[in-house]
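Okay, here's what each chain looks like letter by letter:
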Amino acid sequence: MPGQTNLVFHDATGRIVYFQLEEGKGDLRQVIEDISKKVQDHFQEPASPLIVSDREVWSIEHFNRMLSYRFLTWEKHTDSGRIDTLSENEFSESIVINDHIYRFYEFPQKKRYFNSDKTESIDLRRIVIWNVSSDRRSV
């Protein structure tokens, strides 16, 4: 629904342990950081929580604040032409999840991203997820 964000935290079995609805006025980045701090105490190292979020939270400043957590998001402004030129041979063996075939490719070097005024940066791993079933690639 436009202007509404559903924030869901679940355990490894998929059981929901926390949820929150934001009506377009909340600070999604801050909520992720606050809840991540709360649940951190319930995890044993090195298995800290894995935070998966939409591109809405894409911000170098946010990523730098999240360095003590494991997180992933979808890359903004991906060069899809470059991604499409990756050879099938560069991808991993196939795995099947929910009846879909996937293969993976990790770029050998991390990519450095800068904020808009170039005062902060972060190096991120870039992994291409190829949904072979639909022939779509996401980074």
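The residue count restarts for each chain, going from 1 along the sequence in the order it is written. At least 70 in pLDDT is required for a residue's local features to be given in this predicted model, at least 80 for side-chain atom pairs to be given and counted, and no such filter applies to totals for whole chains, interfaces and linings, which use all residues. Side-chain numbers here rest on the full set of heavy atoms in the structure, without hydrogens or water.

A.B. asks: So what's going on with unusual backbone geometry? Residues and values would help.
C.D. replies: Residue Asp-99 is not a glycine yet carries a positive backbone phi of 65°. Relative to the helices and strands, Asp-99 is located in the loop between strand S5 (95-97) and strand S6 (100-106). Of note, Lys-118 is a non-glycine position whose phi angle comes to about 60°, a positive value. A run of DSSP states H or I qualifies as a helix once it reaches four residues; a run of E qualifies as a strand once it reaches two. Both are numbered from the N-terminal end. Locating Lys-118 in the fold gives a position in the loop between strand S7 (111-114) and strand S8 (121-124). Any residue under 20% of the maximum accessible area for its type is buried, any over 50% is exposed, and the rest in between are partly exposed; the area is computed with a 1.4 Å probe on protein chains only. Classification of Lys-118 by relative accessible area gives exposed; the value is 60%.

A.B. asks: Which residues make up the side chain of Arg-103, and what values do they have?
C.D. replies: Within the secondary structure, Arg-103 sits in strand S6. Under the relative-accessibility criterion, Arg-103 is labelled buried at 13%. A 3.5 Å cut-off defines polar contacts: any pair of N or O atoms within that distance qualifies, except that in protein one atom must be a possible hydrogen donor and the other a possible acceptor, and neighbouring residues in sequence count only when both atoms are side-chain atoms. Of note is the side chain of Arg-103, whose polar atom sits 3.2 Å from the backbone oxygen of Phe-91. Contacts are assigned to residue pairs with any non-hydrogen atoms lying within 4.5 Å of each other. Setting aside residues up to four positions removed in sequence, Arg-103 forms contacts with Glu-88, Phe-91, Ser-92, Glu-93, Ser-94, Val-128, Ile-129, Trp-130 and Val-132.

A.B. asks: Help me get a handle on the packing of aromatic side chains, residues and values and all.
C.D. replies: Classification of ring pairs rests on two measures: the distance between centres of Phe, Tyr or Trp rings, Trp counted by its six-membered ring, which must be within 6.5 Å, and the angle between planes, read as stacked under 30 degrees, edge-to-face over 60 and tilted in between. Applying the stated criterion across every chain yields a total of four aromatic pairs. Relative to Tyr-105, the ring of Phe-91 lies with its centre 6.0 Å away and its plane at 55°, an arrangement referred to as tilted. On the criterion of sequence distance, the pair formed by Phe-91 in the loop between helix H3 (80-84) and S5 and Tyr-105 in strand S6 is long-range, its members being 14 residues apart. Assessed through its relative accessible area of 6%, Phe-91 is described here as buried.

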